[in-house]
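Structural features, examined
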Amino acid sequence: MACCFISRVDGLMDSENASNPKAFYASAANAAEKINEFVAKGQFIRVVSHLDADGLTAASIMAKSLYRLDALFRIRIEKQLDEDLVEELVAEGVSPIIFNDLGSGDLDLLKRRLSSNDIVVLDHHQPLGDTFPTLTQVNPHYHGFNGAQEISGSGVAYTVAKELNASNADLASLAVVGALGDSQDRNPKRELRSLNQTIVADGVEAGCLSVENDLTFYGRETRPVHKALAYTTNPFLPGLSGEEDKCLGFLVNLGIKLQNGGRWRAVNDLNADEKQKIFSEIAKLLSSKRLPDTVALRLIGAVYTLIQEDRGTYLRDAREYASLLNACGRMDKAGLGVSIGFGDRERALEEVQDVFTAYKKTLAEYMNWITTTPNVIDEHKNIYLVNGRGTINENMLGTITTILISSNILAKDKPLIALTSAENDMLKISGRATSTNIEKKLNLGTIFQEASAEFGGTGGGHDAAAGAQLHQKFADEFVQRIDQLVGSSLNEKE
Ligand code: C5P
Ligand code: ZN
């Protein structure tokens, strides 16, 4: 069955076709021109952005660029673009709307209800539906780029911002945070590539970003080294991952000084010799477990540092910054996330740390529940299913699904589908594919688009990460349909 791999929009290029950067940048310049027209006419601009780290950084980038233009604007952050949101926007009257990190998957809805407005969609999700005369869209998929890896929603917003004014290049580091928040570094070197790489280069040139090849332990700016090591699960380090006490012992045995003046040292406090020592010892440990050398090498990768942020804060390492913003979005503090990106510090920074602590506690509780409660994870023919109904908050489902797929809890041959109850008798579903599935060209985004439409819901996303919302009475049928579509896609490729 080839249903999941056909292009859905006239003129939409398959990502495997030759990419056309010129056309992509021309579309960004066109969107910038449109935004300049709104500003010149003194129009009130509504900005709608997505609540994950990529959406929040996109919102901050757009807010800063519009602020610098003295534009009249308001930002709202939403978990999805649906009929309810669109009705609210219709009720607010006619004025230009800029959608960031959402919109391309719902072109028909925009056309049907909002085409009397000037609409600018700056997105990287797979487009679905027809364009219309009042729509200006920038989306890498139209130009042969894969929006799951080559540029994110905040990257698209940044590209337009730079067309608005070259001095907006100082916002490049935010786009890097967004891209990492969307896991666009899913490659062995953990690098941002393609259009993302151009943004990285802008950030370095603007003096706001540095890139190094270094240990990628999670929490390199803020966590004590043994905790950062224990938190590292990709690659999984037998005897160390998840085992703080053993990591402490391991480092002490190596003679690594763990504290300095009573303060725990973080990975970024270690010198090159100490890092080398730790790396060599881990490599030895892995080879004693008969694991190939390539596993240890995965501990080294690109590290993106926001060099204008204070050392030891969550904002200095781009991956930690992304986690912090994700926490804001998921814990109902999206506004706080946008203001941090906009430049607020001090009180905002204190508040956000509390949000982050509460978020991590909630995630740990969910993970504990999933891994210790019988029958929460169910293996179907072609997928794993996690049923979080009655327990997992819908806003946390995507993050939980991401953590589960990158842990070593499940085999790598099947994607993971997770569901939970949402407001108004709805169901929220998240899907994540493994790199093995992606190599076989599985595309969860198109599968979710197709299956949710069959049950009157909305869905879409990227090849490796997709989401959907539909009425909960269709839960079983929807799961069956996804199982079937995944099966026919994976088997077709064998
Ligand atoms: O919500 P979740 O994190 O699982 O979403 C995964 C991806 O799918 C995100 O990029 C999200 O924007 C996208 N998505 C979508 N349409 C939906 C739900 C999610 O494009 N209805
Ligand atoms: Zn995104």
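Note that the structure is a prediction, hence the values are computed from the model and not measured. (Residues numbered from 1 in each chain as written. Chains lettered and ligands numbered in written order. Predicted model: local features only at pLDDT ≥ 70, side-chain atom pairs only at ≥ 80, totals over all residues. Heavy atoms only, no water.)

Comments concerning the packing of helix α6 (residues 172-181) against helix α7 (residues 195-205)
Their axes nearest at 8 Å, the elements α6 and α7 cross at an angle of 140°. As the angle between them shows, α6 and α7 are arranged oblique. Note that α6 runs across α7; the crossing there is left-handed. Within the contact between the two elements, α6 uses A172, A175, V176 and A179 and α7 uses N196, I199, V200, D202 and G203. Grouping the constituent residues of the contact of α6 with α7 by class yields six nonpolar, two polar and one charged. (Axes fitted to C-alpha atoms, helices over the stretch in contact; angles between N-to-C directions. Helix = DSSP H or I, 4+ residues; strand = E, 2+ residues; numbered from the N terminus. Parallel < 35°, antiparallel > 145°, perpendicular 65-115°, else oblique. Left-handed = near helix turned anticlockwise from the far one by under 90°. Contact = heavy atoms within 4.5 Å. Nonpolar A, V, L, I, M, F, W, Y, C, P; charged D, E, K, R; others polar.)

With respect to the domain arrangement of the protein chain
Per the domain assignment, the segments of the protein chain are domain 1 (5-185), domain 2 (214-368) and domain 3 (373-493). Between domain 1 and domain 3, the C-alpha centre-to-centre distance is 26 Å. Residue-level contacts link 15 residues of domain 1 with 16 residues of domain 3. Buried area between domain 1 and domain 3, summed over both chains or domains, comes out near 1,400 Å², and the portion from carbon and sulfur atoms is 44%. Scanning the region where domain 1 abuts domain 3 turns up six residue pairs in polar contact (both at pLDDT 80 or more). Residues of the side of domain 1 that touches domain 3, tallied by class, amount to four nonpolar, six polar and five charged. (Domains from an automatic or database assignment. Buried area = accessible area lost by both parts, 1.4 Å probe. Polar contact = N/O pair within 3.5 Å; in protein donor to acceptor, adjacent residues only side chain to side chain.)

Re the side chain of S60
Position of S60 among the secondary structure elements: in helix α2 (residues 53-68). Within the structure, the side chain of S60 is placed 3.0 Å from the backbone oxygen of V338, a separation counted as a polar contact. Ignoring anything within four residues of it in the chain, the contact list for S60 reads L174, G337, V338, G341 and F342.

A few points about the coordination of the zinc ion (ligand 2)
Working reference: metal with six octahedral donors, ideal angles 90 or 180 degrees; metal with four tetrahedral donors, ideal angle 109.5 degrees. In the first shell of the zinc ion (ligand 2), the protein supplies D54 (OD), D101 (OD), H124 (NE2) and D182 (OD), at 2.2 to 2.3 Å from the metal. Taken together, the four donor atoms surrounding the zinc ion (ligand 2) define angles of 81 to 168° at the centre, an arrangement classified as irregular. The motif formed by the donor residues of the zinc ion (ligand 2), counted along the single chain, is D-x46-D-x22-H-x57-D. Of this pair, D101 sits in the loop between β3 (97-100) and α4 (107-114) while H124 is found in the loop between β4 (119-122) and β5 (135-138), placing the two residues 23 residues apart along the sequence. The residues D101 and H124 share a single accessibility class, namely buried. (Donors = N, O, S within 2.8 Å, 3.2 Å for Na, K, Ca; no water. Tetrahedral: all angles 85-135°; square planar, octahedral: opposite > 155°, others 65-115°. Buried < 20%, exposed > 50% of the residue type's maximum accessible area, 1.4 Å probe, protein only.)

Quick look at the environment of T371
With respect to the helices and strands, the residue T371 is situated in helix α14 (residues 347-372). The exposure class assigned to T371 is partly exposed, which follows from its relative accessible area of 44%.

Concerning the site of ligand 1
Around ligand 1, the surrounding shell holds 16 residues, and the nearest of these are H125, K428, S430, R432 and Q469. Contacts to ligand 1 include H125, whose side-chain N or O atom sits 2.7 Å from an oxygen atom. Within the backbone of G460, a nitrogen or oxygen atom sits 3.3 Å from an oxygen atom of ligand 1. Starting from 460 Å² of accessible surface for ligand 1 in isolation, the protein chains cover 84%. Breaking the shell around ligand 1 down by element, the ones donating at least two residues are β13 (426-432), β14 (458-461) and β15 (465-471). No other element matches β15, which puts five residues into the shell around ligand 1. (Near = heavy atom within 4 Å. Areas by Shrake-Rupley, 256 points an atom, 1.4 Å probe, with all protein chains shown as cover.)

A closer look at the sheet that holds β13
Pairing in this open sheet of six strands is mixed, and the strands run β10-β11-β12-β13-β15-β14 from one edge to the other. A strand with exactly one partner marks an edge of an open sheet, and here the two such strands are β10 (377-379) and β14. The sheet shows a mean angle of 20° between the axes of neighbouring strands, taken without regard to direction. Here strand β12 (residues 416-422) pairs with β13 via seven bridges, running antiparallel. Its bridge partner lying in β13, S421 is registered against L427. Sheet strands touched by helix α15 (residues 397-406): β11 (384-387), β12 and β13. Its angle to β13, the strand with the most contacts, is close to 30°. (Pairing = 2+ DSSP bridges.)

Some points on unusual backbone geometry
Backbone geometry follows two general trends: most residues other than glycine have a negative phi, and most peptide bonds adopt the trans configuration. Positive phi, close to 55°, is recorded for R190, a residue that is not glycine. As for its placement among the helices and strands, R190 is situated in the loop between α6 and α7. Of note, S194 is a non-glycine position whose phi angle comes to about 60°, a positive value. Among the structural elements, S194 can be located in the loop between α6 and α7.

Quick look at the confidence of the model for the protein chain
In regions of low pLDDT, the predicted coordinates are not meant to be interpreted in detail. In this model, the protein chain carries a mean pLDDT of 92, and residues with pLDDT of at least 70 account for 96%. In the predicted structure, residues 1-15 sits below a pLDDT of 50 and forms 41 contacts with residues beyond four places in sequence or in another chain. (pLDDT = per-residue confidence, 0-100.)

Considering the packing of aromatic side chains
Evaluated as defined, the whole model comprises nine aromatic pairs. Taken together, the ring pairs in this structure connect F448, F455, F474 and F478 into an aromatic cluster. Cation over ring: R223 sits above Y231, and NZ or CZ is 3.7 Å from the ring centre. Residue placement shows K360 over the ring face of F356; its charged tip is 4.3 Å from the ring centre. (Phe/Tyr/Trp six-rings, centres within 6.5 Å; stacked < 30°, edge-to-face > 60°. Lys NZ or Arg CZ within 6 Å of the ring centre and 35° of its normal.)

Here's the deal with the nonpolar core
Membership of the largest hydrophobic core comes to 81 residues, with the highest contact counts inside it found for I35, L122, V176 and Y304. With 10 residues, the top contributor of residues to this core is α14. (Core = buried A, V, L, I, M, F, W, Y, C linked by side-chain atoms within 4.5 Å.)

A few points about the pairing of β3
Of the two faces of β3, the one carrying I97 and F99 and the one carrying I98 and N100 are both buried. Bridge count between β3 and β4: four bridges; the pairing is parallel. Counterpart to I97 in the pairing with β4 is I119. The parallel pair β3 and β4 is bridged by α4, and the resulting crossover is right-handed. (Right-handed = clockwise from strand over helix to strand, strands pointing away.)

Describing helix α5 (residues 153-164)
Compared with an ideal rise of 1.5 Å per residue, which puts 12 residues at 16 Å, α5 spans 17 Å between its outermost C-alpha atoms and is within 8% of the ideal. Burial runs high along α5: 10 of the 12 residues are buried. Among the residues of α5, those classed as buried are G153, S154, G155, V156, A157, Y158, T159, V160, A161 and L164. (Expected span 1.5 Å × (residues − 1).)

Structural notes on the side chain of D123
If you trace the backbone, D123 turns up in the loop between β4 and β5. R330 provides the closest opposite charge to the buried, unpaired D123, separated from it by 13 Å. Polar side-chain contacts of D123 include one of 3.4 Å to the backbone nitrogen of G103. The residues touching D123, leaving out its near neighbours within four places in the chain, are D101, L102, G103, S104, G105, V138, N139, P140 and V156. (Lys, Arg positive; Asp, Glu negative; His and termini not counted. Salt bridge = Lys/Arg side-chain N within 4 Å of Asp/Glu carboxyl O.)

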